[in-house]
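Chain residues, written in single-letter form:
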Amino acid sequence: MLCLHGFLQNGNILRMRIGSMRKGLKSRVHFQFHDAPFHAASTLTEQQIKDVGGSTDGLTWFQWSDLGPGKRPSLAVKFSNWDTTYASLCDALRQQQPDGLFGFSQGATAAALFLAALQTAQRQGKDLDVPLPKFCIVCAGFLPRDPEYAALLESAKVDVPTLFVMGASDALIPPARSHALMDTFDQRTADMFEHPGAHMVPTCTGEFKQQMVSFLGRFDSDASGTVSVGTSLDSLDDATAAAGAEQQKTEAAAVFDKP
């Protein structure tokens, strides 16, 4: 899985925060991480970044053209420079040849938008050298507030098999917002898992691990049953994985997603 981090994070932070998933699926999945193309400081003021609990080193998949002083990113409704994000992800897929995508929070919405844009382009005979992912896992994603990109998702009706993961107690991205995103996908290829927690990637044990193993098992690409999705990070020690699992619950950067 090529993994896309949340707002004001980067690939290394996400790698730590999904330590439980990496450990639980290490016999099945090789993980790789991709950084968003924009520094938050390029579109937000220092005060706006502090207001959402981030740092100026944080990254973002989106920029906005309707942000003014004192306006929270969550209230912005006009994306800008999405073409840069799309090109960055196209390059990552060409280079890494992943079997699938995983996105958390803003990264989940970026993954969904990317699939919609890529399928739309390929249906028009464009970007055919970009390998379409076989699957996607969208964790705590949301339908964009920008009407143009909401319409892109609705018209594309993405049919890449996708597992939507959402938290029943998520106050930052309430399940209704995740359902709104899911509703834009082809319902014949969309699956859902709701956990009782908040804005987090759930611990990869029990029912959630069973769901993940079952879903990923549909895309086994070699005799060993391992989904080949890039450079393996399984050599990271268990202490790092455990630290990542603990950090999942402190997703301060996701304040961007607050309704």
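Note that the structure is a prediction, hence the values are computed from the model and not measured. (Residues numbered from 1 in each chain as written. Predicted model: local features only at pLDDT ≥ 70, side-chain atom pairs only at ≥ 80, totals over all residues. Heavy atoms only, no water.)

Focus on the confidence of the model for the protein
Taken as a whole, the protein shows an average pLDDT of 85; of its residues, 83% reach a score of 70 or greater. In the predicted structure, residues 223-259 sits below a pLDDT of 50 and forms 114 contacts with residues beyond four places in sequence or in another chain. (pLDDT = per-residue confidence, 0-100. Contact = heavy atoms within 4.5 Å.)

Description of empty space enclosed by the protein
Over the atoms rolls a probe the size of a water molecule, and in doing so it shows where empty space is left. Using the criterion set out here, one finds two cavities of 30 Å³ or more in the structure. Reported here for the second largest cavity is a volume of approximately 30 Å³. Along the walls of the second largest cavity sit Phe 38, Trp 61, Phe 62, Gln 63, Phe 79, Ser 80, Asn 81, Trp 82 and Thr 85, which together make up its complete lining. Of all the elements in the fold, those that place two or more residues in the lining of the second largest cavity are β6 (79-80) and α4 (82-96). Per-class residue counts for the lining of the second largest cavity are five nonpolar, four polar and no charged. (1 Å grid on protein atoms, 1.4 Å probe; cavity = no way out; pocket = protein on both sides within 12 Å on 5 of 7 lines; lining within 4 Å. Points joined across faces, edges and corners; volume = space filled by probe spheres on them. Helix = DSSP H or I, 4+ residues; strand = E, 2+ residues; numbered from the N terminus. Nonpolar A, V, L, I, M, F, W, Y, C, P; charged D, E, K, R; others polar.)

A look at the packing of aromatic side chains
Evaluation of the coordinates by the stated rule reveals eleven aromatic pairs. Ring plane angle 85 degrees and centroid distance 6.0 Å describe the contact between Phe 7 and Trp 64, whose orientation is recorded as edge-to-face. Of the two residues, Phe 7 is situated in the loop between β1 (2-4) and α1 (11-17) and Trp 64 in strand β5 (residues 63-64); the sequence distance between them amounts to 57 residues. Grouping residues by exposure puts Phe 7 and Trp 64 together as buried. Arranged with centres 6.1 Å apart and planes meeting at 50 degrees, the rings of Phe 62 and Trp 82 form a pair that is tilted. Of the two residues, Phe 62 sits in the loop between β4 (59-60) and β5 while Trp 82 sits in helix α4, which places them 20 residues apart along the sequence. Neither residue differs from the other here; Phe 62 and Trp 82 are each classed as buried. In this structure an aromatic cluster arises from ring pairing among Phe 62, Phe 79, Trp 82 and Tyr 149. (Phe/Tyr/Trp six-rings, centres within 6.5 Å; stacked < 30°, edge-to-face > 60°. Buried < 20%, exposed > 50% of the residue type's maximum accessible area, 1.4 Å probe, protein only.)

Details of the pattern of salt bridges
Considering all chains together, one arrives at six salt bridges under this definition. Of the charged contacts in the structure, one is a salt bridge between Arg 94 and Asp 91, with a shortest N-O distance of 2.9 Å. With Arg 94 and Asp 91 both in helix α4 and three residues apart, the pair spans about one turn of that helix. With relative accessibility at 29%, the residue Arg 94 sits in the partly exposed group. The closest approach of N and O atoms between Lys 134 and Asp 99, which form a salt bridge, is 3.7 Å. Residue Lys 134 is located in the loop between α5 (106-123) and β8 (135-139), and its partner Asp 99 is located in the loop between α4 and β7 (100-104); the two are separated by 35 residues in the primary sequence. Among the ionic contacts, a cluster of salt bridges with common partners joins Asp 91, Arg 94 and Asp 129. (Salt bridge = Lys/Arg side-chain N within 4 Å of Asp/Glu carboxyl O.)

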